[in-house]
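# Fold and contact review
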Amino acid sequence: MSQLTVHVEPVIEDDVVLLTVPADVGYLGVLRTATAGLAARLHFALDEIEDLRIAVDEACAMLLAIASRDAELECRFSVTDDALSVEVAVNTVRGARLPAESSFAWKVLTALTTAASATVEDNRASIRLLTRRSP
């Protein structure tokens, strides 16, 4: 049985939105839609919104390639006055590695966002994207 969990946590400095979906390509539309909605809330330009949607999609695709069976894709959106930070994480198969920073996938992430980083530790991988709104 598939389950979609949405949880909103108010934080002093940021608004944080947590989405958890099955680690399946069929659920990426949910994360793309949430990304666009939150970026629109920050009054990002249409091009910036589309760039961020593509970046989130690419980050998720990288993680799905190494996700363990029956894993859940966790997405944490942190909203500030001028930026949207997106962290996507998944449990991985043993010995999983993300593509090298010189790969095309990373070139896409760094071209479409203000900053991108990743970690892989103890069978868990995460990718963090930061996009600041244009002045």
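The structure we're discussing is the one just above.
For clarity, every value in this text was computed on a predicted model and none was experimentally measured.

### Some thoughts on the pattern of salt bridges
All told, the structure shown has 5 salt bridges when counted by the stated rule. A salt bridge links R41 to D15; its shortest N-O distance comes to 2.8 Å. One end of the pair, R41, is in helix α1 (residues 28–41); the other, D15, is in strand β2 (residues 15–22), with 26 residues separating them in the sequence. According to the relative accessible area criterion, D15 is partly exposed, its value standing at 31%. Notably, a salt bridge pairs R32 with D57, separated by 2.6 Å at the nearest N-O pair. Within this pair, whereas R32 is found in helix α1, its partner D57 is found in helix α2 (residues 46–64), the two being separated by 25 residues in sequence. Of the residues examined, D57 reaches a relative accessible area of 27% and is grouped as partly exposed.

### Some details on the layout of surface pockets
In this structure, the largest pocket encloses a volume near 160 Å³. In terms of lining residues, the largest pocket is bounded by 13 residues, among which E74, E87, A89, R124 and S126 are the most central. Where the lining of the largest pocket is concerned, the elements lending two or more residues are β2, β3 (72–79), β4 (83–91), β5 (115–121) and β6 (124–132). Here the lining of the largest pocket is built from residues that sort into 5 nonpolar, 3 polar and 5 charged.

### Re the packing of α1 against α2
Where α1 contacts α2, the two axes come as close as 9 Å, and the packing angle between them is 145°. Taken as a pair, α1 and α2 cross one another with a handedness that is right-handed. Where α1 abuts α2, its residues L28, L31, R32, T33, T35, A36, A39 and A40 lie against I49, L52, R53, V56, D57, C60 and L64. When the residues that make up the contact of α1 with α2 are grouped by side-chain class, the tally is 10 nonpolar, 2 polar and 3 charged.

### As for α1
Given a rise of 1.5 Å per residue, 14 residues ought to cover 20 Å, and the 20 Å separating the end C-alpha atoms of α1 matches this to within 8%. All buried positions along α1 are accounted for by L28, L31, T35, A36, L38 and A39. Where α1 is buried, its residues contact β2, α2, β3 and β4. Following α1 by one or two positions, H43 adopts a phi angle in the positive range, close to 65°.

Here is what the cut-offs are and how they apply
- Residues numbered from 1 in each chain as written.
- Predicted model: local features only at pLDDT ≥ 70, side-chain atom pairs only at ≥ 80, totals over all residues.
- Heavy atoms only, no water.
- Salt bridge = Lys/Arg side-chain N within 4 Å of Asp/Glu carboxyl O.
- Helix = DSSP H or I, 4+ residues; strand = E, 2+ residues; numbered from the N terminus.
- Buried < 20%, exposed > 50% of the residue type's maximum accessible area, 1.4 Å probe, protein only.
- 1 Å grid on protein atoms, 1.4 Å probe; cavity = no way out; pocket = protein on both sides within 12 Å on 5 of 7 lines; lining within 4 Å.
- Points joined across faces, edges and corners; volume = space filled by probe spheres on them.
- Nonpolar A, V, L, I, M, F, W, Y, C, P; charged D, E, K, R; others polar.
- Axes fitted to C-alpha atoms, helices over the stretch in contact; angles between N-to-C directions.
- Left-handed = near helix turned anticlockwise from the far one by under 90°.
- Contact = heavy atoms within 4.5 Å.
- Expected span 1.5 Å × (residues − 1).

Function-wise, these values are silent; they only describe arrangement.
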